[in-house]
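Below, each chain spelled out in residue letters.
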Amino acid sequence: MSMIDLENNRREISIAQYLHIDLPLLTGILSLIGFGLFVLYSATGESQDDLNRQIIRLVIAFGFMFIFAWIPPRVYQQWTPYLYILGIILLLAVLLFGDKGKGAQRWLNIGFRFQPSELMKLAVPMMLAWYFHERKLPPTYKELFFAGVMIAVPTLLIMVQPDLGTSLLIACSGIFVVFLAGIPWRLIVSLTLIGSVYAPVHWFYVMADYQKQRVLTFLNPEQDPLGSGYHIIQSEIAIGSGGLKGKGWLQGTQSQLEFLPERNTDFIFSVLGEEFGFYGAILLLVMYAWIIGRGFYITVNAQETYTRLLAGAITLTFFVYIFVNIGMVTGLLPVVGLPLPLVSYGGTSMVTLMIAFGILMGIQTHKKLLAR
Amino acid sequence: MIKNKSGYATRSFKDHYLERKLITDRVIVATVLVFLMFILLLARLWYLQVVRFEDFKTRSNNNRISVIPIAPKRGLIYDRNGILLAENRSVYSLEVIPEQVEDLQQTLDFLLNKNLIEEKDTEAFQERLKGQRRFKSILLKAQMSEDEVARFAVDRHRLPGVKIEANLIRYYPYGEEIVHALGYVGRINERELNRIDQSNYKATRYIGKVGLEKFYEGLLHGKIGFKQVETDVQGRIIGSPLREQLPVPGKDLKLSLDIQLQLAASKALGAEKGSIVVLNPNNGEVLALVSNPAYDPNHFVTGISSKDYNLLTSSDDQPLFNRAIRGLYSPGSTIKPHLAWTGLENKLIDKNYTISDPGYWIIPNEEARVYRDWNKFGHGTQVNYRQAIIESCDPFFYDLAFRMGIDILSSYMFQFGFGQSTGIDMGEELSGIMPDRKWKREKRNSRWFPGETVITGIGQGYWVATPIQLANSVAQLATGDKRYDLRLVSHISSDFNGKSDNEKSKAQPPQTQSTDVLGYWTPTSVKEAKVQADFSNKTNLKMVHEAMYLVTQFPRGTAKNAFLDAAYRSAGKTGTVQLFTQSGEEYDAEKTAKHLRDNAVYVGYAPLDKPEIALAIVVENAGHGGSEAAPMARAIMDEYFLKIKNRKKQTQTAVSDKSVSDFSRSDQMVDKVGE
């Protein structure tokens with residue numbers, strides 16, 4: 001396709017175009033990472049080693065982003081169904097032969113340790129986008145039923161690992177495709193109603209005790225201030241005591257005195273809130289909003305149904321990450337073990353996320369001029 | 001709502017414009033939703049950071065909950081009579097929280113000027129400071145005297161961030177007398193940190209490094225406790241703990257070791273290098289375990305200076321080396337009774353079998369190599385097994401070993417535990433070498449030569465054993481019964497899991513061995529060794545016992561001088577192990593450098609008919625076993641039979657004295673040997 005670009009457009013092309021990089025998106029990601037590293041340095045207790053490790057991880061993740069931005073979306077569009085089936089097989093393999101880590105079976109040891117659920121984070125929205133791309137929109141009820149099955153199978157396979165957080169995120173990414181593909185509003189409303197009726201059933205017959213405990217703690221953290229409510233209370237104290245301007249970088253007492261749990265991973269936003277205050281939090285949210293806004297722009301301007309649905313689903317899933325994490329540390333949502341994207345320390349999910357951004361860039365930069 | 005009734009058929013009529021509009025509409029809806037949710041997050045942040053700012057600021061400043069780990073009390077170690085061998089003492093240490101100190105260098109200088117700390121303390125402190133969080137308390141000086149604590153208190157107000165901490169520290173009242181049996185604890189190092197369950201050691205500073213302290217670390221350490229407290233902004237604790245989970249103290253250990261006997265053994269060995277191991281042959285209990293030279297373990301607890309440590313490690317005498325379980329010595333003539341018994345069992349010799357000893361021995365039909373007797377004049381023309389043991393005649397055993405062959409020899413010695421670990425519960429034991437054809441092929445890549453069998457017959461050559469192995473082999477020979485896995489710990493305090501320290505201390509360990517009314521102690525199990533010898537023929541065994549008895553009684557017995565007037569009947573065997581072969585020249589102890597002189601060895605047991613103790617003694621470079629090692633055995637046995645047993649008699653009212661039983665044939669035997 002770049003051949004066509006060259007033939008039709010004799011202008012000298014920039015490095016960004018040559019690499020198929022979307023500059024506005026890249027700007028958003030880079031500024032977010034820059035800010036994130038400052039917060040991380042403070043959250044790790046000024047550990048140069050941890051900072052270096054995070055930078056190395058980011059460099060690797062950026063490498064993946066560049067590779068995927070360079071691949072034309074048509075290529076993985078063709079591979080989508082195989083990728084999805086491979087993912088399902090790997091998930092089954094995990095259940096049968098997987099390594100146990102922290103009481104859950106999530107890893108597959110194939111020379112290196114690999115988490116098939118990470119693959120599914122992308123394979124599920126891709127599969128649904130591919131499915132709807134082949135059909136006329138909006139979908140029929142029959143098509144919606146098949147789409148539902150496609151979402152439910154990997155979601156359940158991951159849920160029994162058990163990894164509730166990831167399975168719900170993967171379900172979300174699929175549901176977003178269905179939403180964008182034009183699921184009738186009437187159906188959305190009725191499903192919501194059914195869901196609210198089903199919720200108590202789920203509570204009593206499906207949820208594990210630790211999951212129930214999370215919800216109970218969320219509803220009333222003060223009830224058990226030294227037990228599981230401790231995390232949320234300490235996090236709220238950290239954020240709240242930051243005030244408008246914050247206590248200053250490296251000055252957060254809650255964070256530095258180790259009152260905050262997991263302050264360099266899931267609770268890193270609390271460190272930010274304490275040390276940079278409300279203004280710092282707004283700055284972070286603006287950066288996220290910039291990336292999401294660009295994601296929607298790319299979605300609307302994509303040329304095909306497949307790329308449109310995929311770009312939209314990636315953008316919305318990214319938002320869910322942010323909302324769930326910040327909602328959790330501010331006490332809006334129950335504690336779910338999810339990192340703050342591009343800011344939290346480590347995490348295998350960083351590579352997946354950057355691949356998703358690479359795909360987003362590819363969708364924007366590999367457009368056929370003919371189609372305009 | 002757009003109806004679609006035709007399904008797949010409409011595929012070719014896909015309306016790209018309409019589809020694009022549909023998705024764009026949905027994206028607009030999504031954007032609005034995302035925007036609203038961002039507003040929701042901002043509203044929540046506004047509520048927390050602006051509306052409730054004062055509230056949270058107060059909570060952040062004044063009311064902080066922190067979790068303080070509490071170290072469990074390390075289990076105590078008692079001797080068999082309830083005498084403390086390892087205890088925990090309260091000591092005061094000086095600690096610094098760097099964050100709270102205004103000028104660290106100035107503070108350190110001040111303390112130096114006041115003679116509260118020394119230069120080496122500050123150096124060690126600077127080392128510990130690296131990579132530590134600034135609000136963590138860091139050790140400056142481990143042990144403060146009462147006087148130093150008092151002087152510090154005077155200047156305390158000038159030294160914010162510096163504080164006195166009371167800690168429990170391990171103390172070994174018997175110091176170097178028992179260090180090789182107990183081992184010691186020291187500061188946890190990086191490597192150990194990776195090996196242990198770190199969450200259980202959060203409050204613990206010391207860990208077993210060597211010996212029992214290391215072997216029983218899991219039992220001795222206990223389980224960590226926590227308390228949750230409120231602290232102010234400086235980290236000072238306000239009020240009483242909100243919640244507390246008391247630590248579970250470590251298990252106490254009671255050893256089979258008798259400190260009185262241990263001290264006697266240590267005294268007997270004196271300044272000589274070597275080792276003494278005393279066992280109860282009836283159950284594998286270790287009664288005393290000495291290795292000399294030793295060192296004071298208390299120095300290691302408080303942190304030994306690298307200079308002192310280098311002195312210990314570089315010393316030629318190797319004080320850190322536990323000779324009792326790791327010293328590999330040629331057993332020498334001390335294994336002659338074992339070999340004589342093997343010869344009797346295999347019918348290679350009987351009580352009438354004699355050889356002629358001109359002071360040397362040669363392999364039949366092979367004049368090339370001469371194997372010398374220690375006595376160049378020989379032991380006469382008719383040396384039987386008994387005389388050979390009593391006078392330690394080498395040619396008799398050259399002949400026996402040669403006819404026995406290495407296969408029988410080493411398989412029988414293996415049954416006595418040579419070449420294997422004794423199973424002693426302190427780790428790091430070496431298993432020695434009991435050579436055979438297979439060993440020679442694997443380790444030396446060579447076949448076995450008959451000449452090597454000959455010198456194996458007098459306990460030399462490749463054969464090496466640890467003193468504890470030697471003691472155990474004699475214990476087995478003495479009882480003519482099972483050989484047991486050796487153990488130092490005879491009892492472990494019962495399970496007080498979940499009970500607090502107070503409840504445990506109600507059940508005080510009983511001070512005497514005999515009474516255990518409260519069920520404080522749980523005995524450890526007696527385990528039989530895997531490989532056992534077959535002692536079903538009691539006649540052969542008795543013949544060897546008689547000969548060993550005469551070693552201590554007969555006029556030409558090698559241990560006669562040491563034991564002739566003993567108040568009990570003991571049996572034994574001396575050994576004098578050549579370390580240095582002089583070609584042709586006479587061995588002259590006076591002219592030979594000290595470190596090349598012979599090792600003196602002695603093994604023995606008593607009483608003769610119902611053994612209660614068995615021992616092995618190795619004295620490095622001391623000379624003759626009979627003149628150097630045997631008197632030490634006498635001193636130890638005297639201590640046991642004349643003092644320790646008497647003391648027990650006084651405490652136990654009903655004692656039936658069975659020890660006076662006549663060894664009827666002994667006089668006749670003396671006559672026969674004398675023929």
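As the structure is a computational prediction, the values presented were derived from the model and not from experiment.

## Some remarks on the overall build of chain A
Looking only at helices and strands, chain A has 15 helices and three strands in total. Burial statistics for chain A: of 372 residues in total, 56% are counted as buried. Contacts in chain A between residues far apart in sequence, at least 24 positions, make up 73% of those at least 6 positions apart. Looking at chain A as shown, the accessible area adds up to about 16,100 Å², and 68% of this sits on carbon and sulfur atoms.

## Regarding the overall build of chain B
A count of helical and extended segments in chain B gives 24 helices and 21 strands. The proportion of buried residues among the 675 residues of chain B is 51%. Residue pairs at least 24 apart in sequence account for 73% of intrachain contacts in chain B once pairs closer than 6 positions are excluded.

## What to know about the pairing of strand β7 (residues 206–210) of chain B
Residues and elements named next belong to chain B. Counting buried positions over the five residues of β7 gives four, a clear majority of the element. As defined by bridge partners, strand β6 (residues 184–187) adjoins β7 across four bridges and the pair is classed as antiparallel. By the bridge assignment for β7, valine 185 is matched with glycine 208.

## Here's the deal with the sheet that holds strand β12 (residues 285–292) of chain B
Residues and elements named next belong to chain B. Taken together, the five strands give an open sheet; going across it, the order is β12-β11-β21-β20-β19, and neighbouring strands pair in antiparallel fashion. Among the strands making up the open sheet, the edge pair consists of β12 and β19 (571–577). With strand direction ignored, the average angle separating the axes of adjacent strands in the sheet is 5°. Here six bridges tie strand β11 (residues 274–280) to strand β21 (residues 613–619), and the two strands are oriented antiparallel to one another. Bridge assignment links valine 277 to a residue of β21, and that residue is alanine 616. Packing of helix α10 (residues 259–269) onto the sheet brings it into contact with β11, β12 and β21, and relative to β12 it is tilted by some 30°. Each of β19 and β20 (599–606) touches helix α21 (residues 538–551); the most contacted strand, β19, lies at about 70° to it.

## Description of the nonpolar core
If you look at the biggest cluster of nonpolar residues, it comprises 129 residues, and the most contacted ones within it are Phe563 and Ile617 of chain B. Taken domain by domain, this core gets at least three of its residues from each of domain 1 (67–255) and domain 2 (325–486 + 528–653 + 661–674) of chain B. Excluding anything up to four places from it in sequence, isoleucine 617 of chain B contacts Ser275, Ile276, Ala600, Val601, Tyr602, Ala629, Met632, Ala633 and Ile636 of chain B. Core analysis: the second largest hydrophobic core is formed by 117 residues, Met126, Ile298, Tyr306 and Leu310 of chain A among them.

## Notes on the interface of chain A and chain B
Interface size is often expressed as the accessible area that is lost when the parts come together. The interface of chain A with chain B comprises 68 residues on the first partner and 48 residues on the second. Taken together, both faces of the contact between chain A and chain B bury some 5,300 Å²; the carbon and sulfur share is 68%. Counting the contacts that link chain A with chain B gives one salt bridge. Glutamate 236 of chain A serves as the salt-bridge partner of arginine 44 of chain B, at 3.2 Å between the closest nitrogen and oxygen. Scanning the region where chain A abuts chain B turns up 10 residue pairs in polar contact (both at pLDDT 80 or more). Looking at the side of chain A that touches chain B, the elements that each hand over two or more residues are α6 (116–133), α8 (164–180), α9 (185–205), α11 (230–242), α12 (253–256), α13 (268–301) and α14 (305–329) of chain A. Top contributing element to the side of chain A that touches chain B by residue count: α13 of chain A, with 14 residues. Of the residues contributing to the side of chain A that touches chain B, the split by class is 36 nonpolar, 21 polar and 11 charged.

## Re α9 of chain A
The terminal C-alpha atoms of α9 of chain A, which comprises 21 residues, lie 30 Å apart, in line with the 30 Å expected from a rise of 1.5 Å per residue. Its axis deflected by about 35° at tyrosine 198 of chain A, α9 of chain A carries its strongest bend there, up to four residues before the proline proline 200 of chain A.

## So, the side chain of serine 266 of chain B
Relative to the helices and strands, serine 266 of chain B is located in helix α10. Excluding residues that lie within four positions of it along the chain, serine 266 of chain B makes contacts with Glu177 and Val290 of chain B.

## Description of the side chain of threonine 166 of chain A
You can see threonine 166 of chain A is positioned in helix α8. Not counting the four nearest positions on each side in its chain, threonine 166 of chain A is found in contact with Ser117, Lys121 and Ile158 of chain A.

## Observations regarding the packing of aromatic side chains
Inspection of every chain in the model, using the stated rule, returns 36 aromatic pairs over all chains. With a centroid separation of 5.4 Å and 55° between ring planes, the pair formed by phenylalanine 319 of chain A and phenylalanine 38 of chain B is classed as tilted. Of the two residues, phenylalanine 319 of chain A is situated in helix α14 and phenylalanine 38 of chain B in helix α1 (residues 16–51); the pairing between them involves two chains. Taken individually, phenylalanine 319 of chain A and phenylalanine 38 of chain B each receive the classification buried, so the pair is uniform in this respect. Ring geometry for tyrosine 78 of chain B and tryptophan 521 of chain B: centres 5.7 Å apart, planes at 85°, overall edge-to-face.

## Observations regarding the pattern of salt bridges
The full count for this structure, using the stated rule, is 34 salt bridges over all chains. In this structure, the salt-bridge partner of aspartate 22 of chain A is arginine 294 of chain A, at a minimum N-O distance of 2.6 Å. In this pair, aspartate 22 of chain A sits in the loop between α2 (15–19) and α3 (23–43) while arginine 294 of chain A sits in helix α13, placing the two residues 272 residues apart along the sequence. Note that glutamate 213 of chain B is salt-bridged to arginine 74 of chain B, the shortest N-O span being 2.9 Å. Of the two residues, glutamate 213 of chain B is situated in helix α8 (residues 211–215) and arginine 74 of chain B in the loop between β1 (64–70) and β2 (77–78); the sequence distance between them amounts to 139 residues. Put simply, Arg74, Arg170, Glu213 and Glu217 of chain B are held in one network by salt bridges that share partners.

## Comments concerning the environment of leucine 340 of chain A
Residues and elements named next belong to chain A. Counting through the fold element by element, leucine 340 comes out in the loop between α14 and α15 (349–365). Given a relative accessible area of 1%, leucine 340 falls into the buried group. Separated by 18 residues in the primary sequence, leucine 340 and isoleucine 322 place their C-alpha atoms 6.1 Å from one another. When sequence neighbours within four positions are dropped, the list of residues in contact with leucine 340 reads Ile268, Phe269, Leu284, Tyr288, Asn325 and Ile326.

## Some thoughts on the environment of proline 116 of chain A
Residue and element names in this part refer to chain A. Assignment of secondary structure puts proline 116 in helix α6. For proline 116, a relative accessible area of 0% translates into the label buried. Counting along the chain gives 26 residues from proline 116 to leucine 90, while the straight-line C-alpha distance between them is 6.0 Å.

## Thoughts on the confidence of the model for chain A
Summing up the model confidence of chain A, the mean pLDDT is 85 and the portion of residues at 70 or higher is 86%. Within chain A, helix α1 (residues 2–8) of chain A has the poorest average pLDDT of any element, 49, and α13 of chain A the best, 95.

## As for the packing of helix α14 (residues 336–345) of chain B against helix α16 (residues 394–415) of chain B
Residue and element names in this part refer to chain B. Where α14 meets α16, the closest approach of the two axes is 9 Å, and the angle between their N-to-C directions is 75°. In terms of their interaxial angle, α14 and α16 are classed as roughly perpendicular. Of the residues in α16, those in contact with Lys336, His338, Leu339, Ala340, Trp341, Thr342, Gly343 and Glu345 of α14 are Asp394, Phe397, Leu400, Met404, Ile408, Leu409, Tyr412 and Met413. Here the contact of α14 with α16 is built from residues that sort into 10 nonpolar, three polar and three charged.

Thresholds applied
Residues numbered from 1 in each chain as written. Chains lettered and ligands numbered in written order. Predicted model: local features only at pLDDT ≥ 70, side-chain atom pairs only at ≥ 80, totals over all residues. Heavy atoms only, no water. Helix = DSSP H or I, 4+ residues; strand = E, 2+ residues; numbered from the N terminus. Buried < 20%, exposed > 50% of the residue type's maximum accessible area, 1.4 Å probe, protein only. Contact = heavy atoms within 4.5 Å. Areas by Shrake-Rupley, 256 points an atom, 1.4 Å probe, with all protein chains shown as cover. Pairing = 2+ DSSP bridges. Axes fitted to C-alpha atoms, helices over the stretch in contact; angles between N-to-C directions. Core = buried A, V, L, I, M, F, W, Y, C linked by side-chain atoms within 4.5 Å. Domains from an automatic or database assignment. Buried area = accessible area lost by both parts, 1.4 Å probe. Salt bridge = Lys/Arg side-chain N within 4 Å of Asp/Glu carboxyl O. Polar contact = N/O pair within 3.5 Å; in protein donor to acceptor, adjacent residues only side chain to side chain. Nonpolar A, V, L, I, M, F, W, Y, C, P; charged D, E, K, R; others polar. Expected span 1.5 Å × (residues − 1). Bend = angle between axes of the 7 residues up to and from the residue. Phe/Tyr/Trp six-rings, centres within 6.5 Å; stacked < 30°, edge-to-face > 60°. pLDDT = per-residue confidence, 0-100. Parallel < 35°, antiparallel > 145°, perpendicular 65-115°, else oblique.

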